Amino acid sequence: MYQGGIIVNPEFSHGTAGWTVFGKGAIEERTSRTKNRFMVAHHRKCPLDSFSQKVRLEKGKFYAFSAWIQVNEGSETVSVVFRTGHGMFVPGGSIVAEQGCWSLLKGGIAANSSSTVDVLFESKNTSKEIWVDNVALQPFSKKQWRFHQDESMEKVRKSRVRFQITYANKRGLAVRGAKFFVKQTKPGFPFGCGMNFHILESTDYQYWFASRFRFTTFTNAMKWYSTEEKQGRENYTIADAMVKFAQDNCISIRGHNIFWDDPKYQPDWVKTLSPKDLRKAAEKRINSVVSRYAGELIAWDVVNENMHFSFFEDNLGKNASSIYYSTAYKLDPTARMFLNEYNTIEYCGDEKVSPGNYKKRLREIFSYPGNEDIPAGIGVQGHFGPGQPNLAYMRSSLEILATTGVPIWLTEVSVEPGDNQAQYLEEILREAHCHPAVEGIIMFAGPAYAGFNTTALADMNFNNTPAGDVVDNLIKEWRTRDFEGCTDGGGFFSTSLFHGDYEITITNPATNSTSTSTFEVTKDSSGRTFHFQIE
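The structure reproduced in this document is the subject of the present report. (Residues numbered from 1 in each chain as written. Predicted model: local features only at pLDDT ≥ 70, side-chain atom pairs only at ≥ 80, totals over all residues. Heavy atoms only, no water.)

### Digging into the pairing of strand S13 (residues 191-195)
Then, number 1: For S13, the tally of buried residues reaches five of five residues, placing the bulk of the element in the interior.
Then, number 2: As paired elements, S13 and strand S21 (residues 438-443) share three bridges and run parallel to each other. Paired with Gly 192 across the strands is Ile 442, a residue of S21.
Then, number 3: By the bridge criterion, three bridges tie S13 to strand S14 (residues 215-218) in an arrangement that is parallel. When the sheet's bridge partners are listed, Cys 193 is paired in S14 with Thr 216.
Then, number 4: A crossover links S13 with its parallel partner S14, the connecting element being helix H2 (residues 203-210), and its sense is right-handed. (Buried < 20%, exposed > 50% of the residue type's maximum accessible area, 1.4 Å probe, protein only. Helix = DSSP H or I, 4+ residues; strand = E, 2+ residues; numbered from the N terminus. Pairing = 2+ DSSP bridges. Right-handed = clockwise from strand over helix to strand, strands pointing away.)

This is how it looks when you write it as structure tokens:
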């Protein structure tokens, strides 16, 4: 990609020129039977034993990385690593490489300072050779990155359409100079916010939420420890009231969650159950919560953080989660069934949940007998730290996950407090919104009144914080502003519209009477002509 960018000899056409041994192993250039040249690190003693090249990074730029990777036998995780001048090793992405098949490692780094770094590769299994070809590291300024985001948004979130207005009683005669007014009534892209029980206590909180968002996830109200704190004493009072509030305000709900695989977040009484009793309790739980809200939710996070933790697998067998996805779908076939994990897009050093391993786990669950037809969803939480987000890694991760063809949602976006929190939140939201595989964003953020202290969008009095201003501005930006227009001599008018629901009010130029119609613009509407008739 990018002819290697700033990498010298990226295809190893000139042997090992530009590359040096890193560590104690050995390197050599090899040629395949098809005359393709590639680099090999062998006789490795330490995980970082490979080969490296020095490159200069400029502060404030994003660097997109890619390389094709193989190992000489079996399969193994291989990572790209950037060693700084201070001796720090910064991970830049990883891939599960295989024997006999080139796999694309994509990742990147955000340069927080101008410095020279070493680009090298890592594999913890030192018995494996690392094979590499077609290395690229391409710099982008923030201005260039933003340009690509805006360009992608125009293609992904909007469609160019035409209106044609004709007379109904004159055999389709075009209405020349017909004036009309268009208003978007509902956005097509789900952009929402987490909600907690405080919504039931405050009309200010209710107004703040309902005036902005049409999608939500309850942060805790549907979790097992909230609905059955004591064994056998189910209490859905809070969850039911929150569902009613959401429905009364036309807010769609993601179910979160049926189970959580982290032992720490089980109800206290669950932690002490025998495997036999746990199986019975879990069966009762899934039947209770999914049946109760069947047909009322757009999605379920079925087994939360299933790649970091394994409470149910450890106690009930390796297929426990797969079975629960099957059960949940049978109880509510209208909801999409999601995996939900953290660190897949926000931190490239957590190999457990790398995009490659996420794809592997997705295949395991949805290839389980009977699960093949379940509508799957990829949930990536998006809990970012206070520093500059690595948008290059985030983009590459989304691109790798997108190869599954499964819809991606950012499910719990937050940014830790820092000097540039609002700016970083905006960068993250824009990056997600412009990606074609991302079908929704939920932030775990909100007013300080409700305890959202990590990413507060409003203070205790519901006045916007800088992060809240960012969100409000994006809500406005990501929808079509009301506009007036006038048809040409053929009764046509062309425009580009954000996806979503619309109303058009047409004024009859002869009688000055008006008529209103509705229409929907989707990703499949590009090039479509919407026909409207007046008497």
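### Focus: helix H7 (residues 320-331)
Then, number 1: With twelve residues, H7 extends 17 Å from end C-alpha to end C-alpha; this agrees with the ideal 16 Å at 1.5 Å per step.
Then, number 2: Taken together, the buried positions of H7 are Ala 320, Ser 321, Ser 322, Tyr 324, Tyr 325, Ser 326 and Ala 328.
Then, number 3: Considering only its buried residues, H7 is in contact with strand S15 (252-260), helix H5 (275-292), strand S16 (299-304), helix H6 (311-316), strand S17 (336-341) and helix H8 (355-366). (Expected span 1.5 Å × (residues − 1). Contact = heavy atoms within 4.5 Å.)

### Examining the environment of Asn 453
Then, number 1: Note that Asn 453 resides in the loop between strand S22 (446-447) and strand S23 (456-458).
Then, number 2: Sequence separation of Asn 453 and Leu 104 is 349 residues, and the distance between their C-alpha atoms is 39 Å.
Then, number 3: Setting aside its immediate chain neighbours within four residues, Asn 453 contacts Pro 417 and Ala 448.

### Concerning the sheet that holds strand S10 (residues 130-140)
Then, number 1: Strand order in the open sheet made by the five strands is S2-S3-S10-S5-S8, with antiparallel pairing throughout. Every interior strand has two partners, whereas the edge strands, strand S2 (26-31) and strand S8 (103-110), have only one. For this sheet, the mean angle separating the axes of adjacent strands, direction not counted, is 35°.
Then, number 2: Of the pairings in the sheet, the one linking strand S5 (residues 62-71) to S10 comprises nine bridges and is antiparallel in character. Note that in S10 the partner of Ser 66 across the bridge is Ala 136.
Then, number 3: Relative to S8, helix H9 (residues 391-402) is tilted by about 155°, and along the sheet it contacts S5 and S8. (Axes fitted to C-alpha atoms, helices over the stretch in contact; angles between N-to-C directions.)

### Notes on the environment of Ser 252
Then, number 1: The residue Ser 252 is located in strand S15 in this model.
Then, number 2: In this structure, the C-alpha to C-alpha distance between Ser 252 and Ala 299, residues 47 residues apart in sequence, is 9.5 Å.
Then, number 3: With residues up to four places along the chain from it excluded, the contact list for Ser 252 reads Arg 214, Phe 215, Thr 216 and Ile 298.

### Considering the packing of aromatic side chains
Then, number 1: One pass over the full model with this rule turns up 42 aromatic pairs.
Then, number 2: Geometrically, the ring pair formed by Phe 140 and Trp 145 is edge-to-face, given 5.4 Å between the ring centres and 75° between the ring planes. Just as Phe 140 is buried, Trp 145 falls in that class too.
Then, number 3: Taking 6.3 Å as the distance between ring centres and 85° as the angle between the ring planes, the aromatic pair formed by Phe 191 and Phe 213 counts as edge-to-face. Here the residue Phe 191 occupies a position in strand S13, and Phe 213 occupies one in the loop between H2 and S14, the gap between them amounting to 22 residues.
Then, number 4: Ring pairing ties together the aromatic residues Phe 163, Phe 180, Phe 483, Phe 493, Tyr 502, Phe 519, Phe 530 and Phe 532, which thus form one cluster.
Then, number 5: We note Arg 162 situated over the ring of Phe 492; from NZ or CZ to the ring centre the distance is 4.0 Å.
Then, number 6: In this structure, Arg 254 packs its charged tip against the face of Phe 338, placed 4.7 Å from the ring centre. (Phe/Tyr/Trp six-rings, centres within 6.5 Å; stacked < 30°, edge-to-face > 60°. Lys NZ or Arg CZ within 6 Å of the ring centre and 35° of its normal.)

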